[in-house]
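Coordinate analysis (summary)
Residues per chain are reported as follows:
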Amino acid sequence: MALKTRIIPCLDVKDARVVKGVNFVNLVDAGDPVEAAIAYDKAGADELCFLDISASFEGRDTIFDVVSKTAEHCFMPLTVGGGVRSLKDIRKLLLCGADKVAINSAAVKNRDFINRAADKFGNQCIVVSVDARKIKENKWEIYTHGGRNKTGIDALEFAIDMVKRGAGELLVTSMDRDGTKLGFDIELTKTIADAVNVPVIASGGVGKLEHLVEGVKKGHANAVLAASIFHFGIFSIAQAKKYMRDNGINMRLDY
Amino acid sequence: MDKNREKIVIIDYGSGNLRSAQKALARAAKNLDNRPEIIVSSRAEIIFAADRIVLPGVGAFADCKKGLLAISNIEQILTERVVRGGVPFLGICVGMQLMADYGKEKGKHAGLGWIRGIVKKIKAEHKGLKIPHMGWNTLNITKFGNDKISKSENIINNKSDFSPHPLLNNIKLGEDGLHAYFVHSYHFVVNERKNIIASTDYGGEIAAMIGKNNMVGVQFHPEKSQILGLNLLENFLRWRP
């Protein structure tokens, strides 16, 4: 198979600034998401993800500007998530240069939104964020609002339903593992990846390069997302890709 | 508008990522001596006067067709300028698929009928592959323009005896070559192999680039394909078919 596994760095953006910071050499302003995006573009990232975590309405508007400026300089796919609630939000992001939008709370609140969004913009541009916490063996629950609000919804049931409604890709994040550096929740990733016929992005918990390999080989993910290991320069995208390739995963090494 | 500069028109019919296409073409144009103007427009007279036409497309086949037809006389304009007038044309993703006889996404819908073939759902699930075909894949060049060879002979392994389509100039192809970014669930099944310029592999052969005469369509997104994409767009801007 010639299709390559993707590595996707994720930038948390608040009021047009990268929140956790990006520790790259040669960045004049590490808090500027556009500069970070350009650096990742050069580093050979396969896609880029912006997560808008602005608390306020005014803060949210700034993401459009960030996406526009990024699209001007980066010629790779861009997914934008956080606060996407209406078809109008999606259209606006796409016109700014986003290729896909990640939807979380709005999909939980009103599942039909995904049908409408996929019908209007095509399945390929609708990514549903499945944020889940483990509640018992082989059972996970959906959380919203960055993992703060529990919903009582079963993650697997939700994931399958979202694909049926038109999600073209699922971003599966373990809220238990997010930020822990302990690796992906492999069982969660695998359970969902094996149950749906759309690509799955594994997210939450990457601390070592082995974790990326595990996400693909054991978790059956089609793409892996990470933030801090790349932002803080612990590993470069090139190192991660080489490591994954050396472990038998097909990677793109064009740069 | 400056009369001496070429006008590249990206057709705006309410679909797709026009800004990305525009920015990528503008970047590709920087390497040209006489830099063209990159215009995004839905106005019939501007499209008619274009020196080169780009038709992007994201979403469902029928929606894109409907959007395109909302531009007055667009089919006549495209026939006049592209089919008869020889204006270089580049269709991207659904813009490429619209060159087919018809598409079978959400019902059967007529395309522009420029290149014989049908747009069908990708069949790869039986091989454990996910749909959409989403991500980076390599391109195999085929013996473009030659329909007297079988499928297996069609893929070029020894590139020395063959020069690829002008839009693939200076682009490293094949398994070890550069990658293009794909995201699609339907693909263009061409009737005549001579219309395939390059293919990719996803549970079987997928037409990645098709064409004849002055028209080319790419299933992948050159505006999102970094080096490969920018080189291809620059080649398109230089192309004199």
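Residues numbered from 1 in each chain as written. Chains lettered and ligands numbered in written order. Predicted model: local features only at pLDDT ≥ 70, side-chain atom pairs only at ≥ 80, totals over all residues. Heavy atoms only, no water.

Here we take up the overall build of chain B. The helix and strand tally for chain B stands at seven helices and 14 strands. Expressed as a percentage of its 241 residues, the buried residues of chain B come to 59%. Within chain B, counting contacts between residues at least 6 apart in sequence, those at least 24 apart form 74% of the total. (Helix = DSSP H or I, 4+ residues; strand = E, 2+ residues; numbered from the N terminus. Buried < 20%, exposed > 50% of the residue type's maximum accessible area, 1.4 Å probe, protein only. Contact = heavy atoms within 4.5 Å.)

What follows is about the confidence of the model for chain B. Residue and element names in this part refer to chain B. In this model, chain B carries a mean pLDDT of 90, and residues with pLDDT of at least 70 account for 90%. Taken element by element, chain B is modelled with least confidence in helix α6 (residues 151–154), mean pLDDT 50, and with most confidence in strand β14 (residues 215–218), mean pLDDT 98. Taken over the whole predicted complex, pTM reads 0.93, whereas the ipTM for its chain interfaces reads 0.93. (pLDDT = per-residue confidence, 0-100.)

Residues Lys104, Lys108, Lys120, Lys121 and Lys123 of chain B make up a contiguous surface patch of positive charge. Mapped onto the elements of the fold, Lys104 of chain B is located in the loop between β5 (102–103) and β6 (109–110). (Patch = residues over 30% accessible without salt bridge, like charges linked within 9 Å, V, L, I, M, F, W, Y side chains within 5 Å. Areas by Shrake-Rupley, 256 points an atom, 1.4 Å probe, with all protein chains shown as cover. Salt bridge = Lys/Arg side-chain N within 4 Å of Asp/Glu carboxyl O. Lys, Arg positive; Asp, Glu negative; His and termini not counted. Charge placed at Lys NZ, Arg CZ, Asp CG, Glu CD.)

Residues and elements named next belong to chain B. In spatial order, the strands read β2-β1-β3-β4-β14-β13-β12-β9; together these eight strands make up an open sheet with mixed pairing. With one partner strand each, in any of the chains shown, β2 (37–41) and β9 (140–141) form the two edges of the open sheet. As judged from the three bridges shared by strand β1 (residues 7–11) and strand β3 (residues 52–55), these two strands associate in the parallel manner. Across the sheet, Ile10 pairs through a bridge with Val54, a residue of β3. (Pairing = 2+ DSSP bridges.)

Counted according to the given criterion, the structure contains 33 salt bridges over all chains. Across the pair Glu157 of chain A and Arg111 of chain A runs a salt bridge whose closest N-O atoms are separated by 2.9 Å. Of this pair, Glu157 of chain A sits in helix α6 (residues 155–165) while Arg111 of chain A sits in the loop between α4 (105–109) and α5 (112–121), and the two are 46 residues apart along the sequence. Under the relative-accessibility criterion, Arg111 of chain A is labelled buried at 18%. Measuring nitrogen to oxygen at the nearest pair gives 2.6 Å for the salt bridge that ties Glu6 of chain B to Arg52 of chain B. On the criterion of sequence distance, the pair formed by Glu6 of chain B in the segment before β1 and Arg52 of chain B in strand β3 is long-range, its members being 46 residues apart. When salt bridges that share partners are traced, they join Arg6, Glu47, Lys100 and Glu169 of chain A into one network.

All names here are of chain B. The mixed open sheet is built from four strands, whose spatial order is β6-β5-β7-β11. Two strands close off the open sheet at either side, each with one partner strand: β6 and β11 (186–190). Alignment of β5 against strand β7 (residues 117–121), held across two bridges, turns out to be parallel. Across the sheet, the residue bridging to Gly103 is Val119, located in β7.

Tracing the backbone shows Ser129 of chain A in strand β6 (residues 126–136). Aside from chain neighbours lying at most four places away, what touches Ser129 of chain A is Ala102, Ile103, Asn104, Phe158 and Leu171 of chain A.

Attention now goes to the packing of aromatic side chains. Scanning the model with the defined rule gives four aromatic pairs over all chains in all. Measuring from ring centre to ring centre gives 4.9 Å for Phe89 of chain B and Trp114 of chain B, while their planes differ by 80°; the resulting arrangement is edge-to-face. Here Phe89 of chain B is found in strand β4 (residues 89–92), whereas its partner Trp114 of chain B is found in the loop between β6 and β7, with 25 residues between them in sequence. A single burial state applies to Phe89 of chain B and to Trp114 of chain B, both of which are buried. Just above the ring of Phe64 of chain A sits the side chain of Lys92 of chain A; from NZ or CZ to the centre is 4.2 Å. When the ring centre of Tyr102 of chain B is taken as origin, the NZ or CZ atom of Lys108 of chain B, which lies over that ring, is 4.1 Å away. (Phe/Tyr/Trp six-rings, centres within 6.5 Å; stacked < 30°, edge-to-face > 60°. Lys NZ or Arg CZ within 6 Å of the ring centre and 35° of its normal.)

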